[in-house]
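Residues per chain, in single letters:
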Amino acid sequence: MREEFDISQFDKYREDNRREVKKANGGLPNSLWDTYSSFANCYGGVIILGVKEEEDGSWRTTGLQNESKLRKDFWDTINNPKKVNLNLLTDDDIETYTMGERKDVIMVIYVPMAKREQKPIYINNDIFNGTFRRNYEGDYHCTRLQVKAMLRDQTERTMDMEILDKVPMEDLNYDTIHGYRNSHRTLKEGHPFERLNDHEYLRSIGAAAISEEDGQLHPTAAGMLMFGNEYNIVRHFPEYFLDYREEMDSAIRWTDRLQSSSGEWSGNVFDFYFRVYNKMIKDIKVPFKMKGGERIDDTPVHQALREALANCLINADYHGSRGVVIRKETNKITFANPGYVRTGKKQMRMGGESDPRNKSLMKMFNLINIGERAGSGVPNIFNVWNDEGFVEPVIEERFDPDRTVLTLSFVKKVPEKSAGKKVLEKSAGKKVTKKTQEHYDKILSFMEAGRWYKANELTEVLGVKETRTKMLLRTLVADKKLEDNGVTKGRAYRKPDKI
């Protein structure tokens, strides 16, 4: 059985972001192709024909009247480029089952996640009106901005390699460039690039290139992002914005803030990285260790934070909205960047496949020993957090607008032996399952004391439907782990001040 669908679990399934049922009594429903597009443009999924969703969310088989004709119609349609721009399926991706006393036939269609270079998958020969994605409420049309982001991500030549033909080299910030060169020289003494003049050096690291238009040296997009001044960067990336916020006191909106648009510093990616990193680590406890008679102040947690910050900046879509936002709170740090995960959230967690959105930026960070080239950076972060006994990091992928969010919590995990004793299912009077307890732990570690959250804010964190999220929240309220605001419409939840 495939992960998405196990016929023995049929009665337990409900529609979500990976499963969709359709009756198909009168033939292939038109909405099937919306769902095909949405699954392909997200994480893949399974479409089940011959099944009806009841009012309570459960499934009931209705059967297919002519399965063989339906199958032929499906293949004829999906192979018609005027209907579907690309067929991702093979014969092995369709299965049929006979169920129940009435011998109802159902058809299961497995839709894989499209590769980056295949997206967007669209229908009706209309890329802007026929591209869909999916959330827990169903399929929805992608915006023009989302479609353009997928098109930008198709090519192997990443956005930051573009040569800015009209921009003179003098538009770069040479104080930043010399700071970068000093870091490179200190870390890799005797490197061949050390003897180059500034322009030759920038060309060698991918920050500048010869233009085919005039045969002159100009900054690349990566060079402008890394070494430009903010007022020049926004001419080429109008949505460019870098924001660091410290929210360490619930009574104050923020206790410290650093913005690229402040005009008080360069506002470029390189300077942002080092300014933010130094702010992030100032409260990190460093264990006392000695090596060769010298104290070691660089712990695995420091290394993981560097990796998380670099990963956020390297994989940002600088054409995307809302910019890069780093939030430091009392018990967690959140890294958010515009752009979906190019390899997919699951592959990002597993590692082993490196597909950065900005390859030149990655090269520049790598040259000063920041960032992992082999796709092992995020798994290393998870390993460090596990070794430290912290609650597992949370990766979220949000759409409309596209956004990737990594949350690193400094809350210690609840020991397994005591975890089951802490929360009871009030409705059933039974101890919770291990999976449910994991959901409780994720909610409690994600929520900051004193701040109100709505159920839909936690749905993506948990990876379950909103109805399930509300059920979990109600149980936590009943057990006095959370409190709600007592209203029916717009109900919100928060941790009590003392928990």
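The shown structure was predicted, so the numbers you read here are calculated from the model rather than taken from an experiment.

**Digging into the overall build of the protein**
- Scanning the protein from N- to C-terminus turns up 16 helices and 22 strands.
- Computed over C-alpha atoms, the radius of gyration of the protein comes to 26 Å, within 12% of the 23 Å expected from 2.2 N^0.38 for 499 residues, which places it in the range of a compact globule.
- Taken along the three principal axes of its C-alpha coordinates, the protein extends 80 × 60 × 45 Å.
- Excluding contacts between residues fewer than 6 apart, the proportion of contacts in the protein whose partners are at least 24 apart in sequence is 63%.
- When the accessible area of the protein is evaluated, it comes to approximately 24,600 Å², of which 46% is carbon and sulfur surface.
- Both charge centroids of the protein, one from 81 positive and one from 78 negative side chains, sit 5 Å from each other.

**Considering the nonpolar core**
- Among the nonpolar cores identified, the biggest contains 68 residues, and Tyr 180, Met 280, Leu 305, Leu 313, Tyr 318, Ile 326 and Phe 335 are the most heavily contacted of them.
- Once you skip the residues sitting within four places of it in the chain, Met 280 turns out to touch Tyr 244, Leu 305, Leu 309, Ile 326, Lys 328, Ile 333 and Phe 335.
- If you look at the next biggest cluster of nonpolar residues, it comprises 24 residues, including Ala 40, Trp 75, Ile 94 and Ile 121.

**Brief notes about unusual backbone geometry**
- Each neighbour pair has its own omega, and for Lys 119 with Pro 120 the value is 5°, a cis peptide bond.
- Of note, Pro 120 is situated in the loop between strand S6 (104-111) and strand S7 (132-135).
- We note that Asn 124 has phi near 60°; this positive angle belongs to a residue other than glycine.
- Position of Asn 124 relative to the elements: it lies in the loop between S6 and S7.
- You will see that Asn 125, though not glycine, has its phi angle at about 55°, which is positive.

**A short note on the environment of Asn 80**
- Looking at the element boundaries, Asn 80 is found in the loop between helix H2 (67-78) and strand S5 (94-99).
- The spatial distance from the C-alpha of Asn 80 to the C-alpha of His 199 is 52 Å, given a sequence separation of 119 residues.

**Details of the pairing of strand S16 (residues 332-338)**
- Counting buried residues along S16, seven of its seven residues qualify, which places the element largely inside the surrounding structure.
- Where strand S15 (residues 324-329) folds back onto S16 in an antiparallel hairpin, the turn is made up of two residues.

**Notes on the sheet that holds S5**
- Read from one edge of the open sheet, four strands run S1-S2-S6-S5, paired in mixed fashion. For this open sheet the edge positions go to strand S1 (19-22) and S5, each flanked by a neighbour on one side alone. Each strand axis lies, on average, 20° off the axis of its neighbour in the sheet, ignoring direction.
- Taken together, the six bridges between S5 and S6 define a ladder with antiparallel strand orientation. What sits directly across from Thr 96, in S6, is Met 107.

**A word on the sheet that holds S15**
- If you trace the six strands from one edge of the open sheet to the other, you get S12-S11-S15-S16-S18-S17, paired in mixed fashion. The open sheet has two edge strands with one neighbour each: strand S12 (256-259) and strand S17 (394-398). Each adjacent strand pair in this sheet contributes to an overall mean axis angle of 10°, direction not counted.
- In the sheet, S17 pairs with strand S18 (residues 403-409) via five bridges, with the strands oriented antiparallel. By the bridge assignment for S18, Arg 398 is matched with Arg 403.

**As for the packing of helix H14 (residues 434-446) against helix H15 (residues 455-462)**
- In contact at an axis separation of 10 Å, H14 and H15 are set at 125° when each is read in the N-to-C sense. With respect to H15, the element H14 is oriented oblique. Here H14 runs over H15; the crossing is right-handed. Between H14 and H15, the residues in contact are His 439, Lys 442, Ile 443 and Phe 446 and Leu 458, Val 461 and Leu 462, respectively.
- Of the residues assigned to the contact of H14 with H15, the class counts are five nonpolar, one polar and one charged.

Cut-off values and rules
- Residues numbered from 1 in each chain as written.
- Predicted model: local features only at pLDDT ≥ 70, side-chain atom pairs only at ≥ 80, totals over all residues.
- Heavy atoms only, no water.
- Helix = DSSP H or I, 4+ residues; strand = E, 2+ residues; numbered from the N terminus.
- Rg over C-alpha atoms; globule rule 2.2 N^0.38 Å.
- Contact = heavy atoms within 4.5 Å.
- Areas by Shrake-Rupley, 256 points an atom, 1.4 Å probe, with all protein chains shown as cover.
- Lys, Arg positive; Asp, Glu negative; His and termini not counted.
- Charge placed at Lys NZ, Arg CZ, Asp CG, Glu CD.
- Core = buried A, V, L, I, M, F, W, Y, C linked by side-chain atoms within 4.5 Å.
- Buried < 20%, exposed > 50% of the residue type's maximum accessible area, 1.4 Å probe, protein only.
- Pairing = 2+ DSSP bridges.
- Axes fitted to C-alpha atoms, helices over the stretch in contact; angles between N-to-C directions.
- Parallel < 35°, antiparallel > 145°, perpendicular 65-115°, else oblique.
- Left-handed = near helix turned anticlockwise from the far one by under 90°.
- Nonpolar A, V, L, I, M, F, W, Y, C, P; charged D, E, K, R; others polar.

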